[in-house]
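So you can see what is in the structure, the chains are spelled out below.
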Amino acid sequence: MWWFQQGLSFLPSALVIWTAAAFIFSYITAISLHHVDPALPYISDTGTVAPEKCLFGAMLNFAAVLCVATIYVRYKQVHALNPEGNCIIKLNKAGLVLGLLSCLGLSVVANFQKTTFFIVHICGAVLTFGMGSLYMFVQTALSYQMQPKIHGKQIFWIRLLLVIWCGVSAFSMLICSSLLYSGSSSTDVVQKLHWDPKDKGYVLHMITTAAEWSLSCSFFGFFLTYIRDFQKISLRVETNLHGLTLYDTIPCPINSERTHLLSREL
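Here's a quick rundown of the structure. (Residues numbered from 1 in each chain as written. Predicted model: local features only at pLDDT ≥ 70, side-chain atom pairs only at ≥ 80, totals over all residues. Heavy atoms only, no water.)

### A look at the overall build of the chain
This is how the line gets drawn: We count a stretch as a helix when DSSP gives it H or I for four or more residues in a row; a strand needs E for two or more, and each element gets its number in order from the N terminus. Relative accessibility thresholds used throughout: buried, under 20% of the residue-type maximum; exposed, over 50%; partly exposed, between the two (1.4 Å probe, protein chains only). Contacts were defined at the residue level, with two residues in contact if any of their heavy atoms lie within 4.5 Å. Using the Shrake-Rupley algorithm and a 1.4 Å probe, accessible areas are obtained, with residue cover drawn only from the displayed protein chains. The convention is simple: Lys and Arg are positive, Asp and Glu are negative, and His and the chain ends are not counted. Note that the charge is assigned to NZ on lysines, CZ on arginines, CG on aspartates and CD on glutamates.
Secondary structure assignment for the chain yields eight helices and two strands. Written out in order from the N terminus, the α and β elements of the chain read α-α-α-α-α-α-α-α-β-β. In terms of overall dimensions, the chain has C-alpha extents of about 75 × 50 × 35 Å along its principal axes. Residues classed as buried in the chain amount to 41% of the 266 residues present. Across the chain, the fraction of contacts at a sequence separation of at least 24, relative to all contacts at a separation of at least 6, is 71%. Put simply, the chain shows about 14,800 Å² of open surface, and 69% of that area lies on carbon and sulfur atoms. Here the chain contributes 17 positively and 13 negatively charged side chains, and the mean placements of these two sets differ by 12 Å.

### Some remarks on the layout of surface pockets
Rules: Using a grid of 1 Å spacing that covers the protein atoms alone, one calls a set of points a cavity when a 1.4 Å probe fits there but cannot get out, and a pocket when the set is open and has protein on both sides within 12 Å along at least five of seven lines; lining residues are those with an atom within 4 Å of a point. Grid points are joined across faces, edges and corners, and a volume is the space filled by probe spheres set on the points. Gly falls in the polar group here, along with every residue not listed as nonpolar (Ala, Val, Leu, Ile, Met, Phe, Trp, Tyr, Cys, Pro) or charged (Asp, Glu, Lys, Arg).
Within this model, the largest pocket holds a volume of roughly 970 Å³. Forming the walls of the largest pocket are 42 residues, and the residues nearest its centre are A125, V126, F129, M173 and E212. Only α1 (10-32), α2 (52-81), α3 (86-111), α4 (118-146), α5 (153-183) and α7 (202-224) provide two or more residues apiece to the lining of the largest pocket. Broken down by element, the lining of the largest pocket gets its largest block of residues, eleven residues, from α4. When grouped by side-chain class, the residues that make up the lining of the largest pocket number 27 nonpolar, 13 polar and two charged. Here the second largest pocket defines a volume of roughly 400 Å³.

### Thoughts on the environment of V189
Among the secondary structure elements, V189 is positioned in helix α6 (residues 186-191). Taking relative accessible area as the criterion, V189 reaches 3% and is therefore assigned buried. In this structure the C-alpha to C-alpha distance between V189 and T115, which are 74 residues apart in sequence, comes to 9.5 Å.

### Some points on α1
A turn of α-helix holds 3.6 residues, and therefore any two residues three or four places apart point the same way. The criterion, for reference: To estimate how far a helix should reach, multiply one less than its number of residues by 1.5 Å.
With 23 residues, α1 extends 32 Å between its outermost C-alpha atoms, agreeing within 8% with the 33 Å of an ideal straight helix rising 1.5 Å per residue. All of the buried residues along α1 are L11, P12, S13, L15, V16, T19, A21, A22, F23, S26 and A30. One or two steps after α1, the chain reaches H34, where phi turns positive at roughly 60°.

### Quick word on the packing of aromatic side chains
Definition in use: Two aromatic rings, drawn from Phe, Tyr or Trp (for Trp, its six-membered ring), form a pair once their centres lie within 6.5 Å of each other, and the interplanar angle then sorts them: stacked below 30 degrees, edge-to-face above 60, tilted otherwise. Charge-over-ring placement is defined geometrically: NZ (Lys) or CZ (Arg) within 6 Å of the ring centre, and within 35 degrees of the ring normal.
Following the criterion strictly, the structure yields 15 aromatic pairs and no others. Consider the rings of F222 and Y226, whose centres lie 5.9 Å apart with planes at 70°: the pair is edge-to-face. Taken together, the ring pairs connect F23, Y27, F56, W213 and F220 into an aromatic cluster. A cation sits over an aromatic face here: K192 above W195, 5.3 Å from the ring centre.

### Describing the packing of α2 against α3
Selection rule: Between N-to-C directions, angles span 0 to 180 degrees; the directions come from axes that are lines fitted to C-alpha atoms, helices contributing only their stretch in contact. An angle counts as roughly parallel when it lies under 35 degrees, as roughly antiparallel when it exceeds 145, as roughly perpendicular when it falls between 65 and 115, and as oblique in every other case.
For the pair α2 and α3, the least separation of the axes is 8 Å and the interaxial angle reads 175°. Of the possible angle classes, the one that applies to α2 and α3 is roughly antiparallel. Taken together, the residues that form the contact of α2 with α3 break down as 17 nonpolar, eight polar and two charged.

### Side note on the side chain of H35
So the rule is basically this: By the criterion applied in these results, polar contacts are pairs of N or O atoms within 3.5 Å in which, for protein atoms, one can donate a hydrogen and the other can accept it, and in which residues neighboring in sequence qualify only through two side-chain atoms.
Residue placement: H35 occurs in the loop between α1 and α2. When its relative accessible area of 19% is taken as the criterion, H35 is described as buried. A distance of 2.6 Å separates a polar atom in the side chain of H35 from a polar atom in the side chain of E52.

### So, the packing of α4 against α7
The cut-off we apply is this: Rotating anticlockwise by less than a right angle from the far helix to the near helix defines a left-handed crossing, while the corresponding clockwise rotation defines a right-handed one.
Relative orientation of the contacting elements α4 and α7 amounts to 35°, with a least axis distance of 11 Å. Along this stretch, α4 crosses α7, giving a crossing that reads as left-handed. Contacts between α4 and α7 involve T128, F129, G132, S133, Y135, M136, Q139 and T140 from the first element and E212, L215, S216, S218, F219, F222 and F223 from the second.

### Structural notes on a nonpolar patch on the surface
Applicable threshold: Exposure above 30% relative accessible area and no salt bridge define the residues that can form patches, which grow by joining like charges within 9 Å and nonpolar side chains of Val, Leu, Ile, Met, Phe, Trp and Tyr within 5 Å. Definition used for salt bridges: Asp or Glu carboxyl oxygen within 4 Å of a side-chain nitrogen of Lys or Arg.
On the surface, a nonpolar cluster with roughly 350 Å² of combined accessible area is contributed by I24, F25, I28 and L55. Looking at the nonpolar patch element by element, the count peaks at three residues for α1. Mapped onto the elements of the fold, I28 is located in helix α1. The exposure class assigned to I28 is partly exposed, which follows from its relative accessible area of 45%.

The following block contains the structure:
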């Protein structure tokens, strides 16, 4: 059995691979059509102009679905491992809410382009990166609470380093983008897809975009730490029939069916 066939470990793997592919394919398309500059454009700029915005939106929508599934499985796993820990239960529920909000933001970013719906796009970015960063922090706190009884200390330290990486990238992006928009005409910056080294704010722009790509990579690294954990969990779906037909009849007890949520043959 291959490693990705064990438990649900394919979920975080598929999430990272698919999202990275969405960024890469959109970037290559945008560069090939000269819609953006090759040197570190904003991630969302590579999905602003057709046809790459269609690819960007479709792939990130599916990535949001994969992210929801991954976050839900993680929630169920932590709940099953710690059914009575009051602090862990609260953190786990908070992590679920933060993670789902981040997924919503990802879908918003994918479908509302910066140059067309700037305010909506920014709200989506805040949800994606802001709630996503808090989700990583909560999951790292859960890892601290669960070690060494549930898992070793090594995974906690790895996640802590990724959270620090995430925090530094997010802080850098926030500060530089604020300085960039406050020091230039906000309309020009929003609509600008091509930058020249002589342009005002070019250095701040490059730092901001580098921080954005770095922040995304920290997210990828964090979800990859779920692979080993997800090898040790599977979910089942239970079917309860209220009758032998679909006609309006008096309900009668029928044997329930339990199957894996996803078939192993997949």
